[in-house]
2 protein chains.
Amino acid sequence: MSVVRSQGYDGASLAQLSKASGLGKSSLYHHFPEGKDDMVAAVLDHLETTLDATVFAPLRAPGPPATRIKRMNGSLLVFYREGREACLLASLGIGDSSRRFHPRVKQLFRRWIEAIAHALRDGGVPRGQAQLRAEEAIVRIEGSLVLARSLDDPAIFQRALKSLPELLAS
Amino acid sequence: MSVVRSQGYDGASLAQLSKASGLGKSSLYHHFPEGKDDMVAAVLDHLETTLDATVFAPLRAPGPPATRIKRMNGSLLVFYREGREACLLASLGIGDSSRRFHPRVKQLFRRWIEAIAHALRDGGVPRGQAQLRAEEAIVRIEGSLVLARSLDDPAIFQRALKSLPELLAS
DNA sequence: GGTATATTGTACCGATCGTTCTGACGCCCA
DNA sequence: TGGGCGTCAGAACGATCGGTACAATATACC
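First things first, this report covers the structure right here in the doc. What you are looking at is a predicted structure, and each value in this text was computed from that prediction instead of being measured.

### So, the packing of helix H7 (residues 102-122) of chain A against helix H8 (residues 127-150) of chain A
Residues and elements named next belong to chain A.
In step 1: At a closest axis distance of 8 Å, the pairing of H7 and H8 adopts a crossing angle of 130°. By the angle between their directions, the pair H7 and H8 is classed as oblique. For the pair H7 and H8, the sense of crossing is right-handed. Along its contact with H7, which presents Phe 109, Trp 112, Ile 113, Glu 114, Ile 116, Ala 117, Leu 120 and Arg 121, the element H8 presents Arg 127, Ala 130, Gln 131, Arg 133, Ala 134, Glu 135, Ala 137, Ile 138, Ile 141 and Glu 142.
In step 2: Of the residues in the contact of H7 with H8, the class split is 11 nonpolar, 1 polar and 6 charged.

Okay, structure coming up:
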């Protein structure tokens, strides 16, 4: 998982994936007969599962929207190692080789936005407003990950997360 | 220029750089004797020159801060083709192969933040506030580029730019 | 223990990678 | 005209890429 998001699709060689997974190349090909694409798809599957469990589900659970946002924030802090990790979805947007994953990347971002918007609507925010604010939240998350890593300053990510409750308040 | 930012460092092959520049490989090596790194450094030089001329200088020019922000926005719309292009600085943050450019990426982001903060301070915003807001502006720019491209929706980038004047108002 | 299946190691493949080298060509100037 | 220099094409290089094939090893079950 970590290799693809930090190296991108093109930078993630089979040798690196092998090393990171602890499996030899032949084992990797055995488990993923379609090769590298299978492996990256599995990484995406894993991301989706994680986001479903730790971000989307809490956002869709009953309870005050502020609590839900807070839970999302907690998950993101862990998942992005407080701003020190890149976002796999963004990494997969670099280069033509990873183009086949674009529909899934798109879908995941959409689901994320929709989950945030859902929480906002539950709190009384009208549909259009909820959508725009949810989108803005993802913009801040993604942008702050880029900047935090570029400036070696994870606090930037943490500040962005801290700004979300107010942005997403009813 | 376009190849490295859209493909990233690892995805930008010499064949692609050759094609994009209209120079054969031997010509490329003639002009850039240190190889791929020279070429990417030249791309970064060009970015720096462009940002200096079209973004940093307008932000540092005399005049109302709002006007300066507006001019930056105009430049960014053109430079990022209204949200359809990736940011080179972000692309160079993916993968270990491009690590040698990290200091320059960092420096450019810093200068950008500082240029925005400078405009804010000229408008009477206290130093600490100016810094945080400038950083937030870059977060929005970078994040909206990631999301606009991932969702095939350049309007997201445009919306983020449109939000900057208010964020950066005195 | 024997058999079937899963897992893994290793060698090899063709393609592409970034790079180097050499020679050809064109232009300019004395 | 000849020489120097810049530019470029094309071949070749060693390394790495993603992938394949086959044999060896490990595991599970009867």
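### Describing the relation of the copies chain B and chain A
In step 1: In screw terms, the move from chain B to chain A is a rotation of 180° and a rise of 0.0 Å along the axis, fitting with an RMSD of 0.0 Å. Such a combination of turn and shift is consistent with a two-fold rotation axis. Taking C-alpha positions as reference, the residue of chain B nearest the rotation axis is Gly 143 of chain B, located at 1.7 Å.
In step 2: A symmetric contact is evident, with 100% of the interface residues of chain B recurring at the interface of chain A.

### So, the interface of chain B and chain A
In step 1: Every contact between the two is made by 34 residues of chain B and, on the other side, 35 residues of chain A.
In step 2: Together, the buried faces of chain B and chain A total about 2,900 Å²; carbon and sulfur atoms form 62% of this surface.
In step 3: Between the two partners, chain B and chain A, sit 6 salt bridges.
In step 4: The interface formed by chain B and chain A includes 14 residue pairs in polar contact (both at pLDDT 80 or more).

### Overview of the protein's contact with DNA strand D
In step 1: The environment of DNA strand D is formed by 13 residues, the closest being Leu 14, Lys 25, Tyr 29 and Lys 36 of chain A together with Ser 26 of chain B.
In step 2: Protein-proximal atoms of DNA strand D, defined as those within 4 Å of the protein, fall in sugar or phosphate at a share of 56%.
In step 3: One nitrogen or oxygen atom from the side chain of Ser 13 of chain A is found 3.5 Å from a phosphate oxygen belonging to DNA strand D.
In step 4: In the model, a phosphate oxygen of DNA strand D is placed 2.6 Å from a nitrogen or oxygen of the Lys 36 of chain A side chain.
In step 5: Put simply, the parts of the chain that give the surface near DNA strand D at least two residues each are helix H3 (25-31) of chain A together with helix H3 (25-31) of chain B.
In step 6: Here the surface near DNA strand D takes 4 residues from H3 of chain B, the largest share from any one element.
In step 7: Residue composition of the surface near DNA strand D, by class: 4 nonpolar, 7 polar and 2 charged.

### Regarding the nonpolar core
In step 1: Formed by 112 residues in total, the largest nonpolar core has its most connected members in Trp 112, Ile 116 and Ile 141 of chain A together with Trp 112, Ile 116 and Ile 141 of chain B.
In step 2: Every residue in contact with Ile 116 of chain A, bar those within four places of it in the chain, is listed here: Leu 59, Met 72, Ala 134, Ala 137, Ile 138 and Leu 168 of chain A.

### Quick word on unusual backbone geometry
All names here are of chain A.
In step 1: Located in the positive-phi region is Arg 81, a residue other than glycine, with phi close to 45°.
In step 2: Within the fold, Arg 81 resides in the loop between helix H5 (65-79) and helix H6 (88-91).
In step 3: If you check the backbone angles, Asp 152 has positive phi at about 50° while not being a glycine.
In step 4: For Asp 152, the position within the fold is in the loop between H8 and helix H9 (155-167).

### Remarks on the environment of Ala 119 of chain A
All names here are of chain A.
In step 1: Looking at where Ala 119 falls in the secondary structure, it is placed in helix H7.
In step 2: Using a relative accessible area of 0% as the deciding quantity, one classes Ala 119 as buried.
In step 3: Sequence spacing of Ala 119 and Pro 154 is 35 residues, and the spatial spacing of their C-alpha atoms is 27 Å.
In step 4: The contacts of Ala 119, once residues within four sequence positions are left out, are Leu 59, Pro 65 and Arg 68.

### Let's talk about the side chain of Asn 73 of chain B
All names here are of chain B.
In step 1: Mapped onto the secondary structure, Asn 73 falls in helix H5 (residues 65-79).
In step 2: Overall, the relative accessible area of 10% leaves Asn 73 in the buried class.
In step 3: Once residues lying within four places of it in the same chain are set aside, the contact partners of Asn 73 are Leu 161, Leu 164 and Pro 165.

### Notes on the packing of aromatic side chains
In step 1: Throughout the structure, instances matching the rule amount to 6 aromatic pairs over all chains.
In step 2: Between Tyr 80 of chain A and Phe 157 of chain A, the ring centres sit 5.8 Å apart and the planes meet at 75°, which makes this aromatic pair edge-to-face. Taken together, the residues span a long stretch of sequence, with Tyr 80 of chain A in the loop between H5 and H6 and Phe 157 of chain A in helix H9 at a distance of 77 residues.
In step 3: With centroids separated by 5.0 Å and ring planes inclined at 70°, the aromatic side chains of Phe 79 of chain B and Tyr 80 of chain B adopt a geometry described as edge-to-face. There is no split in this pair, since Phe 79 of chain B and Tyr 80 of chain B are both buried.

Rules and cut-offs
Residues numbered from 1 in each chain as written. Chains lettered and ligands numbered in written order. Predicted model: local features only at pLDDT ≥ 70, side-chain atom pairs only at ≥ 80, totals over all residues. Heavy atoms only, no water. Axes fitted to C-alpha atoms, helices over the stretch in contact; angles between N-to-C directions. Helix = DSSP H or I, 4+ residues; strand = E, 2+ residues; numbered from the N terminus. Parallel < 35°, antiparallel > 145°, perpendicular 65-115°, else oblique. Left-handed = near helix turned anticlockwise from the far one by under 90°. Contact = heavy atoms within 4.5 Å. Nonpolar A, V, L, I, M, F, W, Y, C, P; charged D, E, K, R; others polar. Least-squares fit on C-alpha atoms with pLDDT ≥ 70 in both. Buried area = accessible area lost by both parts, 1.4 Å probe. Salt bridge = Lys/Arg side-chain N within 4 Å of Asp/Glu carboxyl O. Polar contact = N/O pair within 3.5 Å; in protein donor to acceptor, adjacent residues only side chain to side chain. Near = heavy atom within 4 Å. Core = buried A, V, L, I, M, F, W, Y, C linked by side-chain atoms within 4.5 Å. Buried < 20%, exposed > 50% of the residue type's maximum accessible area, 1.4 Å probe, protein only. Phe/Tyr/Trp six-rings, centres within 6.5 Å; stacked < 30°, edge-to-face > 60°.

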